[in-house]
Amino acid sequence: MSTTAPALGTFSVRPLDPIADAELLHRWVTDPKAAFWMMQDAELQDVEREYMRIAAHEHHDAFIGLHDGEPAFLMERYDPRHVELVGLYEPEPGDVGMHFLVAPTDTPVHGFTRAVITAVMRELFADPATLRVVVEPDVGNKAVHALNAAVGFVPEREIQKPEKTALLSFCTREQFEGAVGDVEGPR
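Residues numbered from 1 in each chain as written. Predicted model: local features only at pLDDT ≥ 70, side-chain atom pairs only at ≥ 80, totals over all residues. Heavy atoms only, no water.

### Some remarks on the packing of helix α1 (residues 22–29) against helix α2 (residues 44–56)
Cut-off, in case you're wondering: Axes here refer to lines fitted to C-alpha atoms; in helices the fit is confined to the stretch in contact. Angles between the N-to-C directions go from 0 to 180 degrees. By the criteria applied, helices consist of DSSP H or I runs no shorter than four residues and strands consist of E runs no shorter than two, each listed in order from the N terminus. Each angle gets one of four labels, with under 35 degrees taken as roughly parallel, over 145 as roughly antiparallel, 65 to 115 as roughly perpendicular, and the rest as oblique. It only takes one pair of heavy atoms within 4.5 Å for two residues to be counted as in contact. Only Asp, Glu, Lys and Arg are considered charged, only Ala, Val, Leu, Ile, Met, Phe, Trp, Tyr, Cys and Pro nonpolar, and every remaining residue, Gly among them, polar.
It is the contact of α1 with α2, at a shortest axis distance of 9 Å, that shows an interaxial angle of 110°. Taken together, α1 and α2 sit at an angle that is classed as roughly perpendicular. Between α1 and α2, the contacting residues are Ala22, Glu23, Leu25, His26 and Val29 on the first element and Leu44, Val47, Glu48 and Tyr51 on the second. By residue class, the composition of the contact of α1 with α2 is six nonpolar, one polar and two charged.

Shown next, in the form of structure tokens:
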């Protein structure tokens, strides 16, 4: 599926290849702007290993997001009943967990990150089985909290994960539609 954002271009995703994409991902996740990704000190082999683990996991998927055909963001989708949030909240049928990371750039484009999270959400809601998206960003990541709110996420509460204190937030299909318009959107 692809989404076109007015004045920003076309966004789509493809499955991540843990080996072929490792160098690209390594640059992204070790960049200072990716501090909340918690891989600042990762070596190339660490990134390969982590994404090979995700690729082998039946409840976790990773994708390279493309902007006009070029790699521009990372998207992860997971089943919170089995990954990330086990025992930290009561999952509902249709819950899907999500992470995203925009590639670092020296020439930021106004509205780009918001277009990325919108494209990620459209991709997740393209699956009719997805009824609600769950996120658990670091409580200190104010920028992502604002982006999440812009696409319809509602914070529920802080939770303690092994690696961070997180803000558990949810976005239903209806909340997303109310925030950004028709889930199907332009193709």
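### A word on unusual backbone geometry
Applicable threshold: Burial classification: accessible surface area is computed with a 1.4 Å probe over protein chains only, and a residue below 20% of its type maximum counts as buried, one above 50% as exposed, and the rest as partly exposed.
A positive phi angle, near 60°, is found at Met38, a position not held by glycine. On the basis of relative accessible area, Met38 is assigned to the partly exposed category, the value being 42%.

### Regarding the packing of aromatic side chains
What counts is decided by this rule: Pairing of aromatic rings covers Phe, Tyr and Trp, the last counted by its six-membered ring, and requires centre-to-centre distances within 6.5 Å; plane angles under 30 degrees mean stacked, over 60 mean edge-to-face, and any other angle means tilted. Working rule: Lys NZ or Arg CZ, within 6 Å of ring centre, within 35 degrees of ring normal, means a charge sits over the ring.
Under the definition given, this model contains four aromatic pairs. Ring plane angle 50° and centroid distance 5.5 Å describe the contact between Phe11 and Phe112, whose orientation is recorded as tilted. Taken together, the residues Phe11 in strand β2 (residues 9–15) and Phe112 in helix α3 (residues 112–125) connect sequence positions 101 residues apart. Residue Phe11 shares its accessibility class with Phe112, and that shared class is buried. Just above the ring of Phe170 sits the side chain of Arg132; from NZ or CZ to the centre is 3.9 Å.

Distances and angles like these do not, on their own, reveal function.
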